[in-house]
Amino acid sequence: MRVSFIRRERASRMAMLLAPIAAFACAIVASVILFTLLGKAPGQALYSLLLEPFLTWYNFSEVLLKMAPLLLIAQGLAIGFRANVFNIGAEGQLIIGAIAASALPVWYPQGDSGFMLPAMLAMGALAGMAWAGIAAMFRTRFNANEILVTLMLSLIAAQVLNYLLLGPWKDPHGFNFPQSVMFPDAALLPILLPGTRVNISLLFALVASALAYILMRHRFAGFQLLVGGLAPRAARYAGFSEARAIWVSLLLGGLAAGLAGAAEVAGPLGQLQRSVSTGYGYSAIIVAYLGGLNPWGIVISAFVMSVIYIGGDNAMVSADLPIAAVWVFQGLLLCFYLAGLTFIRHKVSFTRKPRATP
Amino acid sequence: MNAVDFILAGMLAAATPMLLAALGEMVVERSGVLNLGLEGMMALGAALGFITTYTYQSHALGFLAAGLGGAGLSLLFALIVLGFVANQVAAGLAIGILGTGLSALFGKSFESLTISGLPKLALPLLSDLPVVGVLFVQDAVVWLTIALALAIWATMNHSKLGLIIRAVGENPHAARAIGFRVLPIRCAAIGFGGALAGIAGAYASTVYTPLWADGMIAGRGWIALALVVFGTWQTGRVVFGAFLFGALSLGELTTQAAGVNIPSQLLACVPYIVTILMLAVISSNRRRMRLNTIASLGQPFEK
């Protein structure tokens, strides 16, 4: 018996819808096996991970809170991924955005100007953009691989954050904790849903999703971007520039991540902390792929991933699982999804191995 | 001990985790596959290596477990990119995240425990030399890594096996046409690279700094990936780059010891900044890059 893939003539829509669902099911099965092997109660773990986020209004609102940065960053990254520009340093762009946004409230902790918040958001977005712009410059000017450069820039950003919080920006009355002063009210985002921590950054993320859809489907620029990345040679003949695809992808990705960073410090955190990002930049990569690099698909996958995040926090307490279990689940999910994608363009064929004639 | 002695004595050991991982990745890339999951495979190797060494008090078993763990994770990668013809960049990232998660999951209860490292072995005669003598007093793994680098160089450049691997990487369709089985060869290369990455992680957690901490690989897997580009896929240059980075990471410590007033967090950035600059210098020579880059790197192979 021989199993092989045969290319389909046209992509299967059925497989396109089924792939993420099947991947999700497989990831659950694999995690159950793994948790059982580790001696944890798998039923309790799954209950915490997947159901508890829906059981109380507070938990559900926390899911929406987590969804804002994941969705915003993933939309930015997907623009690049569609054009084959791999910005995997959103984590660093988010951190730099958070730092830049924090500068104002750290320097003016008594500030009460109405311009403070908009200025913070703008500074965060611009700083994230500039940080990603370094990678675009290195790629277009020196041909340096953007995967490695964006990743290195993330590691640098984490150290810059540590330096600021242990040194010049440490709260003098903060009992030596590595965190900044608490921000004044003028530096905080308005709450969207009363009684929860969900702020208007969720709206930013939804607007970004709509803009990403318009860019992708209805604008010539989006098409140029796609071709510039997928077929640089064809693009050159048509007069589209590969360098432009790289610049636009990285700058938009950095802008989204920087804005997400600003919204974290001006939102649920209310100060600059070392844990300003709990891996949003990396999870957003998974969110972007899992959503099929499609703006509406990404909205769904961002929601699912936020459920897992909140569920993971619950599982830490109720099922004694370390938070790393969330990473394992996310990694498995992407592995299975990538394998499942094959069925969109291929069908499986079972053929009997030809016997050697005696 | 002065700064020069300190750097000379320690640079080989500091370079070893990056070198082992980079050598493995170089073979993988030469067969035409890009595995970005190096950081995760190293982390898994570091956790498994530490756990096994601590439990059985045997470094050899620790390295074995780490090698098997790294190879196992890399074979999952092989299944996804070779069996299911998936995007190698995305699959590598997925494996990286999975490996990092697994390492933290397994290593959780082994944090803040310690084990002893490995004894140093001095090469006779050479270690008696003035100044550079300290360079020749290293643990067994450092010596084995250097021997392995020589073996890989000889295999890649002067053996039939090396020729087959390179043929598969440069032009898989031609290689298949003359009767080589592309996917099994790539799969073997991936497994070899994964095993070396796992062992590299174990060296970091059981010998170089004998303890396990979440996040201890600290970007060394990514630096190893950059080293392969820096070395333009040539063994000798990869070794040179790794030693340079080993020296550099110690330069950080000596600067601090010398009382220079630079915050440690900013000094910790130096290897990352150098990686970026180094990539820029090497890659900006587009002609050399085009000559040396593996032609089918990252391309899925379908008959």
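Everything quoted here is computed from the prediction, not taken from an experiment.

The rules behind each value
- Residues numbered from 1 in each chain as written.
- Chains lettered and ligands numbered in written order.
- Predicted model: local features only at pLDDT ≥ 70, side-chain atom pairs only at ≥ 80, totals over all residues.
- Heavy atoms only, no water.
- Helix = DSSP H or I, 4+ residues; strand = E, 2+ residues; numbered from the N terminus.
- Rg over C-alpha atoms; globule rule 2.2 N^0.38 Å.
- Buried < 20%, exposed > 50% of the residue type's maximum accessible area, 1.4 Å probe, protein only.
- Contact = heavy atoms within 4.5 Å.
- Areas by Shrake-Rupley, 256 points an atom, 1.4 Å probe, with all protein chains shown as cover.
- Lys, Arg positive; Asp, Glu negative; His and termini not counted.
- Charge placed at Lys NZ, Arg CZ, Asp CG, Glu CD.
- Buried area = accessible area lost by both parts, 1.4 Å probe.
- Salt bridge = Lys/Arg side-chain N within 4 Å of Asp/Glu carboxyl O.
- Nonpolar A, V, L, I, M, F, W, Y, C, P; charged D, E, K, R; others polar.
- Expected span 1.5 Å × (residues − 1).
- Bend = angle between axes of the 7 residues up to and from the residue.
- Axes fitted to C-alpha atoms, helices over the stretch in contact; angles between N-to-C directions.
- Left-handed = near helix turned anticlockwise from the far one by under 90°.
- Core = buried A, V, L, I, M, F, W, Y, C linked by side-chain atoms within 4.5 Å.
- Polar contact = N/O pair within 3.5 Å; in protein donor to acceptor, adjacent residues only side chain to side chain.
- Phe/Tyr/Trp six-rings, centres within 6.5 Å; stacked < 30°, edge-to-face > 60°.
- Parallel < 35°, antiparallel > 145°, perpendicular 65-115°, else oblique.

Asks: Is there a simple way to explain the overall build of chain B in this structure?
Replies: Assigned secondary structure in chain B consists of 13 helices and two strands. By the compact-globule yardstick of 19 Å for 303 residues, chain B fits well, its C-alpha radius of gyration being 19 Å. Seen through its C-alpha atoms, chain B measures out along the principal axes to roughly 60 × 45 × 40 Å. Across the 303 residues of chain B, 56% fall into the buried class. Long-range pairs, those at least 24 residues apart, make up 77% of the contacts in chain B between residues at least 6 apart in sequence. Carbon and sulfur atoms make up 68% of the accessible area of chain B, which totals about 12100 Å². Counting 15 positive and 11 negative side-chain charges, chain B places the centres of these two groups 16 Å from one another.

Asks: Whenever I open this one, the interface of chain B and chain A confuses me. Can you help?
Replies: Reports of interface size often rely on the accessible area that becomes lost once the parts have come together. Contacts between the two partners involve 46 residues from chain B and, on the opposite side, 44 residues from chain A. Summed over both sides, the interface between chain B and chain A buries roughly 3700 Å², with carbon and sulfur atoms accounting for 83% of that surface. On the chain B side of the contact with chain A, Ile97(B), Leu105(B) and Ile276(B) bury the most area, a combined 17% of that side's loss. Remark: the boundary between chain B and chain A carries zero salt bridges. Among the secondary structure elements, those contributing two or more residues to the side of chain B that touches chain A are helix H3 (59–83), helix H4 (88–107), helix H9 (220–230), helix H11 (264–268), helix H12 (270–283) and helix H13 (286–292) of chain B. Of all the elements, H4(B) adds the most residues to the side of chain B that touches chain A, at 13 residues. A class-by-class count of the residues in the side of chain B that touches chain A yields 34 nonpolar, eight polar and four charged.

Asks: Sorry, what's going on with helix H1 (residues 13–37) of chain A here?
Replies: Residues lying three or four places apart along an α-helix face the same way, a consequence of the helix completing one turn every 3.6 residues. Here H1(A) contains 25 residues, and its C-alpha end-to-end distance of 37 Å stays within 8% of the 36 Å for a straight helix at 1.5 Å per residue. At Ala19(A), H1(A) shows its maximal bend, which comes to roughly 35 degrees, and the proline Pro20(A) appears one to four places after that position. Along H1(A), the positions that sit buried rather than exposed are Ala15(A), Ala19(A), Ala23(A), Ala27(A), Ile28(A), Ser31(A), Leu34(A) and Phe35(A). Where the residues of H1(A) are buried, they touch helix H2 (42–55) and helix H13 (324–345) of chain A together with H4 of chain B. Just beyond H1(A), the residue with positive phi is Gly39(A), at close to 80 degrees.

Asks: Quick question: what am I supposed to make of the packing of helix H4 (residues 90–107) of chain A against helix H6 (residues 146–166) of chain A here?
Replies: The axes of two packed helices give the description: the angle between them and the distance between them. Residues and elements named next belong to chain A. Closest axis-to-axis distance for the H4/H6 pair is 7 Å, and the angle between their directions is 35 degrees. As H4 packs across H6, the resulting crossing turns out to be left-handed. Judged by residue contacts, Glu91, Gly92, Gln93, Ile95, Ile96 and Ile99 of H4 engage Thr150, Ser154, Ala157, Ala158, Val160, Leu161 and Leu164 from H6. Across the contact of H4 with H6, the residue classes tally to eight nonpolar, four polar and one charged.

Asks: Would you explain helix H10 (residues 242–269) of chain A in this entry?
Replies: Residue and element names in this part refer to chain A. Taking 1.5 Å of rise per residue, the 28 residues of H10 would be expected to cover 40 Å, and the 39 Å separating its terminal C-alpha atoms lies within 8% of that figure. Of all bends in H10, the biggest is about 30 degrees, found at Ala263. Positive backbone phi, at 70 degrees, marks Gly270, one or two positions downstream of H10.

Asks: Explain unusual backbone geometry here, please?
Replies: Leaving glycine out, the prevailing phi sign among residues is negative, and the prevailing peptide bond configuration is trans. Residues and elements named next belong to chain A. Notably, Asn84 is not glycine yet its phi reads approximately 60 degrees, a positive angle. Residue position: Asn84 is located in the loop between helix H3 (57–82) and H4. On the basis of relative accessible area, Asn84 is assigned to the partly exposed category, the value being 36%. One non-glycine residue, Asn176, lies in the positive phi region at around 65 degrees.

Asks: How do you make sense of the nonpolar core when you look at a structure like this?
Replies: For soluble globular proteins, the rule of thumb is that nonpolar side chains tend to be buried together. Ile73(A), Trp222(B) and Leu227(B) are the most contacted members of the largest nonpolar core, which totals 215 residues. If you tally residues by element for this core, the top one is helix H1 (residues 3–30) of chain B, at 15 residues. Among residues more than four places away in sequence, those in contact with Leu227(B) are Met18(B), Ala22(B), Val238(B), Gly241(B), Ala242(B), Phe245(B) and Met278(B).

Asks: I'm lost on the side chain of Arg186(B) in this one. Help?
Replies: Residue and element names in this part refer to chain B. By the secondary structure assignment, Arg186 is in helix H8 (residues 182–208). This buried residue, Arg186, is left without a salt bridge; Glu170 holds the nearest opposite charge, at 9.5 Å. Separated by 3.3 Å, the side chain of Arg186 and the backbone oxygen of Val168 make a polar contact. Not counting the four nearest positions on each side in its chain, Arg186 is found in contact with Ser31, Gly32, Val33, Leu82, Val168, Pro172, Ser296, Gln299 and Phe301.

Asks: I tried to follow the packing of aromatic side chains on my own but got confused; where do I start?
Replies: The geometry of an aromatic ring pair is captured by the separation of the ring centres together with the interplanar angle, meaning the angle of the planes. Residue and element names in this part refer to chain A. Here the structure, examined in full by the defined rule, presents 16 aromatic pairs over all chains. Where Tyr213 meets Trp296, the ring centres are 5.5 Å apart and the plane angle is 35 degrees; that geometry is what we call tilted. In this pair, Tyr213 is assigned in helix H7 (residues 201–218) and Trp296 in helix H12 (residues 295–318), connecting sequence segments 83 residues apart. Taking relative accessible area as the criterion, Tyr213 reaches 25% and is therefore assigned partly exposed. Chaining the aromatic ring pairs together yields one cluster made of Phe54, Trp57, Phe60 and Phe303.

Asks: I tried to follow the packing of H13(A) against H4(B) on my own but got confused; where do I start?
Replies: Where H13(A) meets H4(B), the closest approach of the two axes is 7 Å, and the angle between their N-to-C directions is 155 degrees. As far as their axial angle goes, H4(B) and H13(A) are roughly antiparallel. The two elements H13(A) and H4(B) meet at a crossing, and its hand is left-handed. Where H13(A) abuts H4(B), its residues Ala324(A), Ala325(A), Trp327(A), Val328(A), Gly331(A), Leu332(A), Leu334(A), Cys335(A) and Leu338(A) lie against Ala90(B), Ala91(B), Ala94(B), Ile95(B), Ile97(B), Leu98(B), Gly101(B), Leu102(B), Ala104(B) and Leu105(B).

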